[in-house]
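Structural features, examined
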Amino acid sequence: MTPEKKSGIISLIIGLLGFVWIILYLKSAFLIYMGTALFTPFIVYGFGILLNPNTRRKDEGQIPFRGW
């Protein structure tokens, strides 16, 4: 598993746990707004990384599609 995919999974978990926490525990409209502003980028990044196709890179550090 690549480091990018690991960070995407971790950020997706953080985002989903944050939204569950917001739904269950927050009652103030301002705190709900701030919580969604904080945790939405985690979810977007996590889904974005998981939807990226794999490159042809076999070894870490090599540039894909350049004759490797």
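Provided above is the structure to which this section pertains.
1. Topic: the overall build of the protein chain
When helices and strands are counted, the protein chain shows two helices and zero strands. Taking all 68 residues of the protein chain together, 19% fall into the buried category. Counting only contacts in the protein chain whose residues sit at least 6 apart along the sequence, the fraction spanning at least 24 positions is 63%. Carbon and sulfur atoms make up 69% of the accessible area of the protein chain, which amounts to about 5,600 Å² in all.

2. Thoughts on the packing of aromatic side chains
Taken as a whole, this structure holds one aromatic pair when the rule is applied. Seen from their ring centres, Phe39 and Phe42 are 6.3 Å apart, and the 40 degrees between their planes marks the pair as tilted. Residue Phe39 and its partner Phe42 are both found in helix H2 (residues 29-51); the two are separated by three residues, about one turn of the helix. With a relative accessible area of 30%, Phe42 lands in the partly exposed category.

3. A word on the environment of Met1
As for its placement among the helices and strands, Met1 is situated in the segment before helix H1 (3-25). Here Met1 is in contact with Lys6 and Ile9, once residues within four sequence places are set aside.

4. Concerning the side chain of Ser11
In this structure, Ser11 sits in helix H1. Separated by 3.5 Å, the side chain of Ser11 and the backbone nitrogen of Gly46 make a polar contact. Discounting chain neighbours no more than four positions away, the residues touching Ser11 are Phe42, Ile43, Tyr45 and Gly46.

5. Description of the packing of H1 against H2
Interhelical geometry of H1 versus H2 gives an angle of 150 degrees and a closest axis separation of 7 Å. When the axis of H1 is compared with that of H2, the two are roughly antiparallel. Relative to H2, H1 is oriented so that their crossing is left-handed. Residues belonging to the contact of H1 with H2 are distributed by class as follows: 14 nonpolar, nine polar and two charged.

Reading the values: rules and limits
Residues numbered from 1 in each chain as written. Predicted model: local features only at pLDDT ≥ 70, side-chain atom pairs only at ≥ 80, totals over all residues. Heavy atoms only, no water. Helix = DSSP H or I, 4+ residues; strand = E, 2+ residues; numbered from the N terminus. Buried < 20%, exposed > 50% of the residue type's maximum accessible area, 1.4 Å probe, protein only. Contact = heavy atoms within 4.5 Å. Areas by Shrake-Rupley, 256 points an atom, 1.4 Å probe, with all protein chains shown as cover. Phe/Tyr/Trp six-rings, centres within 6.5 Å; stacked < 30°, edge-to-face > 60°. Polar contact = N/O pair within 3.5 Å; in protein donor to acceptor, adjacent residues only side chain to side chain. Axes fitted to C-alpha atoms, helices over the stretch in contact; angles between N-to-C directions. Parallel < 35°, antiparallel > 145°, perpendicular 65-115°, else oblique. Left-handed = near helix turned anticlockwise from the far one by under 90°. Nonpolar A, V, L, I, M, F, W, Y, C, P; charged D, E, K, R; others polar.

By themselves these figures say nothing about function.
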